[in-house]
Amino acid sequence: EIDEEFKHLQDRIFMQDAVKFPPAVYNIDSYRWARSLVLSRAYAVDEFGGLVMLLPGIDFANHNPHVSKMPACGAVEKWQVAYNVREGRPSR
């Protein structure tokens, strides 16, 4: 699916102007990185038919100030320190 998305963009946009879209930058590895970065910060919004949107500041609402440590999600196998936004310091 990701490879097909990239191929579509490459054929219709990137290959049309190699000066604006140099292949050394606009390649499948860069696309995968950029896509994962955006989607890791995006949410599907039911009120808009499940449309995936970036919602600036939503991480602040998804914060528990009473947690001192929490396991990291995904492939990272280490502990992350929770940060207390109100006090501007790591939580205890």
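If you're wondering where the values come from, they're calculated on a predicted model, not measured in any experiment. (Residues numbered from 1 in each chain as written. Predicted model: local features only at pLDDT ≥ 70, side-chain atom pairs only at ≥ 80, totals over all residues. Heavy atoms only, no water.)

**As for the pattern of salt bridges**
The final tally for this structure, using the stated rule, is 5 salt bridges. For arginine 35, the salt bridge is made with glutamate 1, and the minimal N-O distance between the two is 3.7 Å. With a gap of 34 residues between them, arginine 35 in helix α2 (residues 28–40) and glutamate 1 in the segment before α1 (2–12) connect regions that are remote in the sequence. Taking the relative accessible area as the measure of exposure, arginine 35 reaches 22% and is therefore partly exposed. Taking relative accessible area as the criterion, glutamate 1 reaches 67% and is therefore assigned exposed. With a shortest N-O distance of 3.0 Å, aspartate 11 and lysine 7 are connected by a salt bridge. Taken together, the residues span about one helical turn, with aspartate 11 and lysine 7 both in helix α1 at a distance of 4 residues. (Salt bridge = Lys/Arg side-chain N within 4 Å of Asp/Glu carboxyl O. Helix = DSSP H or I, 4+ residues; strand = E, 2+ residues; numbered from the N terminus. Buried < 20%, exposed > 50% of the residue type's maximum accessible area, 1.4 Å probe, protein only.)

**Some thoughts on the confidence of the model for the chain**
Fine structural detail should not be taken from predicted coordinates in areas where pLDDT scores are low. Confidence in the prediction for the chain averages 76 pLDDT; 63% of positions are at 70 or higher. Mean pLDDT in the chain bottoms out at strand β4 (residues 79–81), which sits at 44, and peaks at α1, which reaches 94. (pLDDT = per-residue confidence, 0-100.)

**Quick notes on the packing of aromatic side chains**
One pass over the structure, following the stated rule, counts 5 aromatic pairs. Measuring from ring centre to ring centre gives 5.8 Å for phenylalanine 6 and tyrosine 31, while their planes differ by 45 degrees; the resulting arrangement is tilted. With phenylalanine 6 in helix α1 and tyrosine 31 in helix α2, the pair connects residues that are 25 residues apart, well separated along the chain. The burial state of phenylalanine 6 is the same as that of tyrosine 31; both residues are buried. (Phe/Tyr/Trp six-rings, centres within 6.5 Å; stacked < 30°, edge-to-face > 60°.)

**As for the pairing of strand β1 (residues 42–45)**
Pairing of β1 with strand β2 (residues 51–54) involves 4 bridges; the strand directions are antiparallel. Along β2, the bridge assignment pairs alanine 44 with valine 52. Remark: 5 residues form the turn of the hairpin made by β1 and β2, two consecutive strands paired antiparallel; glycine 49 in that turn has positive phi of roughly 70 degrees. (Pairing = 2+ DSSP bridges.)

**A look at a nonpolar patch on the surface**
On the surface, Val38, Leu39, Val52 and Leu54 cluster together into a nonpolar patch covering about 330 Å² of accessible area. Mapped by element, the contributors of at least two residues to the nonpolar patch are α2 and β2. Secondary-structure assignment places leucine 39 in helix α2. Note on leucine 39: relative accessible area 40%, which makes it partly exposed. (Patch = residues over 30% accessible without salt bridge, like charges linked within 9 Å, V, L, I, M, F, W, Y side chains within 5 Å. Areas by Shrake-Rupley, 256 points an atom, 1.4 Å probe, with all protein chains shown as cover.)

**Describing the packing of α1 against α2**
As a packed pair, α1 and α2 sit with axes 10 Å apart at the nearest point and diverge in direction by 115 degrees. In terms of orientation, α1 and α2 fall into the roughly perpendicular class. Here α1 runs over α2; the crossing is right-handed. Within the contact between the two elements, α1 uses Ile2, Asp3, Glu5, Phe6 and Leu9 and α2 uses Ile28, Tyr31, Arg32 and Arg35. (Axes fitted to C-alpha atoms, helices over the stretch in contact; angles between N-to-C directions. Parallel < 35°, antiparallel > 145°, perpendicular 65-115°, else oblique. Left-handed = near helix turned anticlockwise from the far one by under 90°. Contact = heavy atoms within 4.5 Å.)

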